[in-house]
Amino acid sequence: MSTDVTAKTPAPAPPGKSGSASGENLLQLMLDGLRRNMRQYGMLIALGLIVALFAVWTDGDLLLPRNVSNLVLQNSYVLILAIGMMLVIIAGHIDLSVGSVTAFVGAFAAVLTVQHDVAWPLAVVLCLVVGAGAGAAQGFLIAYLGIPSFIVTLAGMLVFRGFTEILLEGQTLGPFPGGLQKIGNGFLPETGPETNYHNITLLLGLALIVFVVLQEVRDRKRQQEFSLDVLPRNIFLLKLVSIVAAILVVTMLLASYKGAPIVLLILGGLVVGYGYLMRNSIFGRHIYAIGGNLPAAKLSGVKDKKVTFLVFLNMGALAALAGLAIAARLNAASPKAGLNYELEAIASAFIGGASMSGGVGTVLGAIIGGLVLGVLNNGMNLLSVGSDWQQVIKGLALLAAVGFDVWNKRKSGS
């Protein structure tokens, strides 16, 4: 008994998969890739547009080497706070005390170095410990006693502001030792042959380009190995070219003035370290897990209380570092220091892509958000815009960023 076997005609290959893709298909792939990653790159594009607009409106003053250096120095504390705040928001919490902790640590540093002649390296270590202790105390109340973070950190904002005034007795205290001042105002020393640029800064810029390119290529290969969506090749190459160009421009601007500020190296180390922590470590994945879906995270064995405690301890340590940076830059500690710093850090995180519901955000996004606010502040100051209108414009920028995020979520869901 024979069985008829019908030959099957091979199914036609999907368009764009065999042979060379047509120009139309390639363009569609690029648009689809950009649309899928709009959340990730939307604010980066916005930052580029803001820089371009203010560069035109200020007749190029925004991009003068001296102004770019000042932009880094003036916004270093916000960027440091934004990194820690991004972790807090990803975990599903909020911290309103960071401005007061920043002021308290600056006052503590002044009391140690100015009034008691403590060596500044030891004072820095003690200040970081005090900041971490402040964060740990609040983290314990939030994680283990179950008090909402809004209430705990609101109380912390009042408590540490009061402690600041008690330490300083209502007066400004300074100046700081020269070594401590360099944290907020110092630059890398000049070495090597006589050139028109700062040699060490040029080398650091080239090293950063190599590191970033290798990291991007490595991440893309890893995503492909796990069959994850990646950017189309043309968009990926365009992304690399844009990153390299941006690093080159900033490097050349800084190298043509006094070189890279010391605080920029500290900030760069934080970005690399925390970026790796959130992307590649178990602890980073646990932060995303408890912010994205706390019940599911608990069922998966995540120690949510421990993670929350460590997130706030980390926030306190970074607030201490920001306090040292701003106090060193101003060369004095003031009872009124740190006012509204928490709002700037929170705004930076949300502008950089954080979600109010938690579970979403990146360290690089926090930096981008902080730079958006910094460029807005700097550009409006160069244009002599009044402080009243500056507040209005920054508020609208925050609202637009969050509105874009909501719109993008709804469009992706539909």
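Reading the values: rules and limits
- Residues numbered from 1 in each chain as written.
- Predicted model: local features only at pLDDT ≥ 70, side-chain atom pairs only at ≥ 80, totals over all residues.
- Heavy atoms only, no water.
- UniProt positions renumbered as here; feature names shortened; annotations may be inferred.
- Patch = residues over 30% accessible without salt bridge, like charges linked within 9 Å, V, L, I, M, F, W, Y side chains within 5 Å.
- Areas by Shrake-Rupley, 256 points an atom, 1.4 Å probe, with all protein chains shown as cover.
- Salt bridge = Lys/Arg side-chain N within 4 Å of Asp/Glu carboxyl O.
- Helix = DSSP H or I, 4+ residues; strand = E, 2+ residues; numbered from the N terminus.
- Buried < 20%, exposed > 50% of the residue type's maximum accessible area, 1.4 Å probe, protein only.
- 1 Å grid on protein atoms, 1.4 Å probe; cavity = no way out; pocket = protein on both sides within 12 Å on 5 of 7 lines; lining within 4 Å.
- Points joined across faces, edges and corners; volume = space filled by probe spheres on them.
- Nonpolar A, V, L, I, M, F, W, Y, C, P; charged D, E, K, R; others polar.
- Contact = heavy atoms within 4.5 Å.

- Per an unreviewed UniProt entry, the protein goes by the name Xylose transport system permease protein XylH and belongs to Streptomyces justiciae.
- Database annotation for the protein, UniProt heading Function (unreviewed entry): "Part of the binding-protein-dependent transport system for D-xylose. Probably responsible for the translocation of the substrate across the membrane."
- Under Subcellular location (unreviewed entry), UniProt gives the following word-for-word description of the protein: "Cell membrane".

**Quick word on a nonpolar patch on the surface**
(1) Moving on: Nonpolar side chains collect at one region of the surface, where Phe-140, Leu-141, Tyr-144, Leu-145, Ile-147, Phe-150, Ile-151 and Leu-154 lie side by side and expose about 690 Å² of accessible area between them.
(2) Moving on: Among the secondary structure elements, those contributing two or more residues to the nonpolar patch are helix H5 (120-143) and helix H6 (149-168).
(3) Moving on: Ranked by residue count, the leading element in the nonpolar patch is H6, at three residues.
(4) Moving on: Turning to its location among the elements, Phe-150 is positioned in helix H6.
(5) Moving on: Overall, the relative accessible area of 45% leaves Phe-150 in the partly exposed class.

**Comments concerning empty space enclosed by the protein**
Empty space left among the atoms is revealed by rolling a probe the size of a water molecule over them.
(1) Moving on: Inspection of the entire model under this criterion finds three cavities of 30 Å³ or more.
(2) Moving on: Of the pockets and cavities examined, the second largest cavity occupies roughly 40 Å³.
(3) Moving on: Lining the second largest cavity are Thr-102, Ala-103, Gly-106, Ala-107, Gly-323, Ile-326, Ala-327, Leu-330, Ala-332, Ala-333, Ser-334 and Ala-337.
(4) Moving on: Those elements that provide at least two residues to the lining of the second largest cavity are helix H4 (98-115) and helix H13 (304-330).
(5) Moving on: Broken down by class, the residue content of the lining of the second largest cavity amounts to eight nonpolar, four polar and no charged.

**Some thoughts on the layout of surface pockets**
(1) Moving on: One number sums up the size of the second largest pocket: a volume of about 550 Å³.
(2) Moving on: Of all the secondary-structure elements, those providing two or more residues to the lining of the second largest pocket are helix H3 (65-90), H13, helix H14 (341-351), helix H15 (363-382) and helix H16 (387-413).
(3) Moving on: Here the lining of the second largest pocket gets six residues from one element, more than from any other, and that element is H16.
(4) Moving on: Of the residues contributing to the lining of the second largest pocket, the split by class is nine nonpolar, eleven polar and three charged.

**Things to note about the environment of Ile-290**
(1) Moving on: Position of Ile-290 relative to the elements: it lies in helix H11 (residues 282-292).
(2) Moving on: For Ile-290 and Thr-308, which are 18 residues apart along the polypeptide, the C-alpha to C-alpha distance reads 8.6 Å.
(3) Moving on: Not counting residues up to four positions away in its chain, the partners in contact with Ile-290 are Ala-91, Ala-297, Val-302, Asp-304, Val-307 and Thr-308.

**Side note on the side chain of Thr-102**
(1) Moving on: As for its position among the elements, Thr-102 is in helix H4.
(2) Moving on: Look past the residues within four positions of Thr-102 in its chain and what remains in contact with it is Leu-81, Ala-319, Ala-322, Gly-323, Ile-326 and Tyr-341.

**A short note on the UniProt feature "transmembrane region" (unreviewed entry) in the protein**
(1) Moving on: According to UniProt, the "transmembrane region" (unreviewed entry) feature falls on residues 40-57, 77-110, 122-147, 197-214, 235-254, 260-277, 307-330 and 350-376.
(2) Moving on: Segment residues 260-277 splits into 89% helix and 0% strand. End C-alpha atoms: 25 Å apart.
(3) Moving on: Spanning residues 350-376, this segment combines 59% helix with 0% strand, and its end C-alpha atoms are found 16 Å apart.

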